[in-house]
Amino acid sequence: MSEVPNTVHVSLERVATVDQPLAIAVRPGDPSLFVAEKTGRVVAIRDGHVASSPVLDLSDAVSLGGEQGLLGVAFSPDGRYIYVNDTDLNGDTRVAGYAMRGEHAVVSSRRQVLFVDQPYDNHNGGDLVFGPDGDLYIGLGDGGSGGDPHGNGQSLGTLLGKMLRIDPTPAGPEPYRVPPDNPFVGDVGARPEIWAYGLRNPWRYSFDPATGDLWIADVGQSAWEEIDRVPAGSPGGDNFGWNLLEGTHRYAGGAPTGAVPPVYEYSHAAGGCVVIGGDVYRGAAIPELVGDYVFADFCLGTLQAIRVEQDGTVEHFDLGATLPNVSSFGADAGGELYVTSLDGGVYRITRG
C-alpha cells in the first residue's frame, strides 16, 4: 500500500436535508434517491426536493440508542418490494419487506424476513444490498459490547459477525430461501445463511456495478480500521479474522487458517476512529476517479479513495473534501456518488 499525492479533487453539492440519514438506495426505473433516516422513515428525494410524504414510516417501532434505528434500505431487483433493516423497541434486529404501490410502501403488506436477537445495543451492522446474483446480502455486527466477548465473529453457529446471503420470498410459508451454493450449506453446526464471517461491525458495503466485487468496510475495535474486498465469482466462505485479528494485527489470538487480509487498513494513530464504507465510482462526471473506491472516516471526515492497480498494488489518496459526521454513501443509477452526514445533509460528490 502506498500514499500518493491528492491527484483527484472533489467538491460536495448539497441536494437535500433530512433527519439523520444512514443509508441511500435507488429503485430500478425510478430516478429518485431513497434515504433511510435513523429515526425511522424512508424518504424520497425527487428533483432536488424531499417528497412531502415518506415512502415508509416506522418511527413508532424502532429503538433509537446510539447505534440503533432504521439502519438500511434496499429495493428488490424488480423494484416491486422495499426491504428495511432496523432495531425494534427491544433493540433486536429485524429485516422486513413491503410491497410498493406507486411511490409508497404498503404498510399492511409487511413480511418479516429475519429476526436476530442482539445481546448489546451496539454493533448492529444494518446495511442491505442486493447483489448482481439477485440475492440479498445482510451485514451483522458481532453483537456488541467490546472485543466480541461471546466469540461470535469466529462462530459459524450464529448470524452475528457475519455477511449473510439469502433470497427473500414475497409469498409462501418461508420468509426466505437459502441459496444452495452458500458456502456452509450442509455443514453441521453452521448457519447456512452465512456468506462470510470474522466481521466486527460492517458499516456500509457495496457491489462494484462494473466488476461485481463486494467491498466491505469493517469498523475496528481500538486501533485499526479495515476495508475488505470479495472478488466477483467468489464461492464465499471468507474469514476476515475478527476477533482473533483486528485488520492484519493480532487481537485475541493468532491468525485463523486462511484468514483473508483487508485490501486496505489504517491506524487510529492518524486520528481516525470509524470507517464509513462507500462505493466504487462508476459515474461520468469525474473521469479520473472511475474504478476507485471512495470512503471516509467518521472522526476525520475527509473523503478518501483507494485504487487497486493490476499488479495488486493499493494506492491511497485524499479527495480534498471534508464532511463532519459523515454517515454513509450511495450511488445513483448513473454511478454518481452521494454522501450523507448525521447533521442531515445529503450531498452529491462532484468534480472539484
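None of these values were measured; they are calculated from a predicted model.

Once that is clear, we can look at the nonpolar core. Counting 36 residues, the largest nonpolar core has Val10, Ile227, Leu289, Ile306, Leu319, Phe329 and Ile349 as its most contacted members. Apart from the residues lying within four places of it in its own chain, the contact partners of isoleucine 349 are Val10, Ser11, Leu12, Ile286, Val294, Leu303, Phe329, Leu337 and Val339. Val113, Leu128, Leu159 and Leu164 belong to the second-largest nonpolar core, a separate cluster that totals 21 residues.

Burial analysis of strand E19 (residues 214-218) places 5 of its 5 residues in the buried class, the great majority of the element. Along E19, one buried face is formed by Leu214, Ile216 and Asp218 and the opposite face, lined by Trp215 and Ala217, is buried too. Summarising the sheet, strand E18 (residues 202-207) and E19 pair through 4 bridges and their orientation is antiparallel. Along E19, the bridge assignment pairs phenylalanine 207 with leucine 214. Where E19 folds back on strand E20 (residues 224-230), the antiparallel hairpin that results is connected by 5 residues.

Attention now goes to the layout of surface pockets. By volume, the largest pocket amounts to about 830 Å³. Broken down by secondary-structure element, the contributors of at least two residues to the lining of the largest pocket are strand E3 (21-27), strand E8 (70-75), strand E13 (128-130), E18, strand E24 (275-280) and strand E28 (326-331). A total of 5 residues in the lining of the largest pocket trace back to one element, the largest contributor, which is E3. When the residues that make up the lining of the largest pocket are grouped by side-chain class, the tally is 21 nonpolar, 9 polar and 8 charged. When its volume is computed, the second largest pocket comes out at roughly 350 Å³.

Moving on: the environment of serine 59. Looking at the secondary structure, you find serine 59 in the loop between strand E7 (56-57) and E8. Separated by 155 residues in sequence, serine 59 and leucine 214 have C-alpha atoms that sit 31 Å apart. Other than its neighbours up to four places away in sequence, serine 59 contacts Thr39, Gly40 and Arg41.

Before going further, it helps to examine the packing of aromatic side chains. Taken as a whole and judged by the stated rule, the model has 11 aromatic pairs. Between tyrosine 264 and tyrosine 266 the ring centres are 6.3 Å apart and the planes differ by 35°, which places this aromatic pair in the tilted class. Here tyrosine 264 matches tyrosine 266 in class, with each residue buried. Here the aromatic residues Trp215, Tyr264, Tyr266, Tyr293 and Phe295 are joined through ring pairs into a cluster of three or more. One residue, arginine 200, lies across the ring of tryptophan 242, its end atom 5.7 Å from the ring centre. In this arrangement the basic side chain of arginine 204 is found over the ring face of tryptophan 203, its NZ or CZ atom lying 3.7 Å from the centre.

A water-sized probe rolled over the atoms picks out the places where empty space is left. Inspection of every chain in the model, using the stated rule, returns 1 cavity of 30 Å³ or more. Estimates place the volume of the largest cavity at around 40 Å³. Of all the elements in the fold, those that place two or more residues in the lining of the largest cavity are E20 and strand E21 (245-246). For the lining of the largest cavity, the class distribution of residues is 4 nonpolar, 3 polar and 4 charged.

Conventions adopted
One numbering rule holds for all chains: residues counted from 1, following each sequence as written. With the structure being a predicted model, the display of local features is reserved for residues of pLDDT at least 70 and the display and counting of side-chain atom pairs for 80 or more, all residues being used for whole-chain, interface and lining totals. To get the side-chain values, take all heavy atoms of the structure and skip hydrogens and water. Nonpolar cores are built from buried Ala, Val, Leu, Ile, Met, Phe, Trp, Tyr and Cys residues. Side-chain atoms within 4.5 Å join them into one set. Burial classification: accessible surface area is computed with a 1.4 Å probe over protein chains only, and a residue below 20% of its type maximum counts as buried, one above 50% as exposed, and the rest as partly exposed. Should any heavy atoms of two residues lie within 4.5 Å, those residues are considered in contact. The way it works is that DSSP assigns letters per residue, a run of H or I at least four long becomes a helix, a run of E at least two long becomes a strand, and they are numbered from the N terminus. A pair of strands is treated as paired once DSSP finds two or more bridges between them. A cavity here means a set of points on a 1 Å grid, drawn over the protein atoms and nothing else, where a 1.4 Å probe fits but cannot get out; a pocket is an open set with protein on both sides within 12 Å along at least five of seven lines, and a residue lines either one if it has an atom within 4 Å of a point. Grid points are joined across faces, edges and corners, and a volume is the space filled by probe spheres set on the points. Here the term charged refers only to Asp, Glu, Lys and Arg, the term nonpolar to Ala, Val, Leu, Ile, Met, Phe, Trp, Tyr, Cys and Pro, and the term polar to all other amino acids, Gly among them. When the centres of two rings from Phe, Tyr and Trp lie within 6.5 Å, Trp using its six-membered ring, the rings pair. Their planes under 30 degrees apart give stacked, over 60 give edge-to-face, and anything left gives tilted. Whether a charge sits over a ring comes down to the Lys NZ or Arg CZ being within 6 Å of the ring centre and within 35 degrees of the ring normal.

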